[in-house]
Amino acid sequence: MKLLAQRRDLQAKVPDIKKCLAIVQSLISKQGTGEEITLDFELAEGLYAQALIPETQSVCLWLGANVMLEYGCDEAEALLRKNLENAHISLQAILEDLQFLRDQVTITEVTIARVFNWDVHQRRKKRQASGESSA
């Protein structure tokens, strides 16, 4: 269950990281042009506002745990790329762990079935042996 929860969390984080990375790359591409960017951003679920962003050299990234830090655009892009790469690596490791667990569950179920069948076979032999000795 823990691995499934981690997989679900990572699968939710990857699109967010990609979206942030795309925005930072857009800001970087507009540097030096003096061009302002108009963005719609979400204030709350279903509530959006429009913002006019002047040319900027820095962005604030939400790191979680009520922490937000200001980074230079290039620094933010490098951090987001690293976070995206780490998320993909972690997701791959979790998927491999889940596959290993599935295989182990299958092996355990087969082993339990074999032990049960062996026990049934031993009981039959015992009954047959006790049936022959009483006859």
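The rules behind each value
- Here the residue numbering is sequential within each chain, running from 1 through the sequence in written order.
- At least 70 in pLDDT is required for a residue's local features to be given in this predicted model, at least 80 for side-chain atom pairs to be given and counted, and no such filter applies to totals for whole chains, interfaces and linings, which use all residues.
- To obtain the side-chain values, all non-hydrogen atoms of the structure were used and water was disregarded.
- Both site types are read off a 1 Å grid over the protein atoms alone. A 1.4 Å probe that fits but cannot get out defines a cavity, while an open set with protein on both sides within 12 Å along at least five of seven lines defines a pocket; lining residues have an atom within 4 Å of a point.
- Grid points are joined across faces, edges and corners, and a volume is the space filled by probe spheres set on the points.
- Counting from the N terminus, the helices are the DSSP runs of H or I reaching at least four residues and the strands are the DSSP runs of E reaching at least two.
- Here the nonpolar group is Ala, Val, Leu, Ile, Met, Phe, Trp, Tyr, Cys and Pro; Asp, Glu, Lys and Arg are the charged ones; every other residue, Gly included, is treated as polar.
- Patches here: salt-bridge-free residues with over 30% relative accessible area, like charges joined within 9 Å, nonpolar side chains (Val, Leu, Ile, Met, Phe, Trp, Tyr) joined within 5 Å.
- Accessible areas in this description were obtained via Shrake-Rupley with a 1.4 Å probe; residue shielding takes into account the shown protein chains only.
- We define a salt bridge as a side-chain nitrogen of Lys or Arg found within 4 Å of a carboxyl oxygen belonging to Asp or Glu.
- Burial classes follow relative accessibility: with a 1.4 Å probe on protein chains only, a residue under 20% of its type's maximum area counts as buried, one over 50% as exposed, and anything between as partly exposed.
- Every residue pair with non-hydrogen atoms within 4.5 Å of one another is taken to be in contact.

**Quick word on the layout of surface pockets**
If a probe as big as a water molecule is rolled over the atoms, it shows which places are left empty. Taken as a whole, the largest pocket holds about 1100 Å³ of empty space. For the lining of the largest pocket, the element with the most residues is helix α1 (residues 2-30), which contributes nine residues. Considering only residue class, the lining of the largest pocket consists of 21 nonpolar, four polar and five charged.

**Quick look at a nonpolar patch on the surface**
Nonpolar side chains collect at one region of the surface, where Phe41, Leu43 and Leu47 lie side by side and expose about 290 Å² of accessible area between them. Summarising the element assignment, Leu43 is placed in strand β1 (residues 37-44). The class of Leu43 is exposed, set by a relative accessible area of 52%.

**Some points on the environment of Gly72**
Counting through the fold element by element, Gly72 comes out in strand β4 (residues 67-72). Judged by its relative accessible area of 25%, Gly72 falls in the partly exposed class. On a C-alpha basis, the gap between Gly72 and His121 in space is 73 Å, while along the polypeptide they are 49 residues apart. Not counting chain neighbours up to four residues away, the residues in contact with Gly72 comprise Gln57 and Ser58.

**What to know about the pattern of salt bridges**
By the definition in use, this model includes three salt bridges. Close ionic contact of Arg123 with Asp119 constitutes a salt bridge, the shortest N to O distance being 2.7 Å. Taken as a pair, Arg123 and Asp119 lie in helix α2 (residues 73-134) at a separation of four residues, close to a single helical turn.

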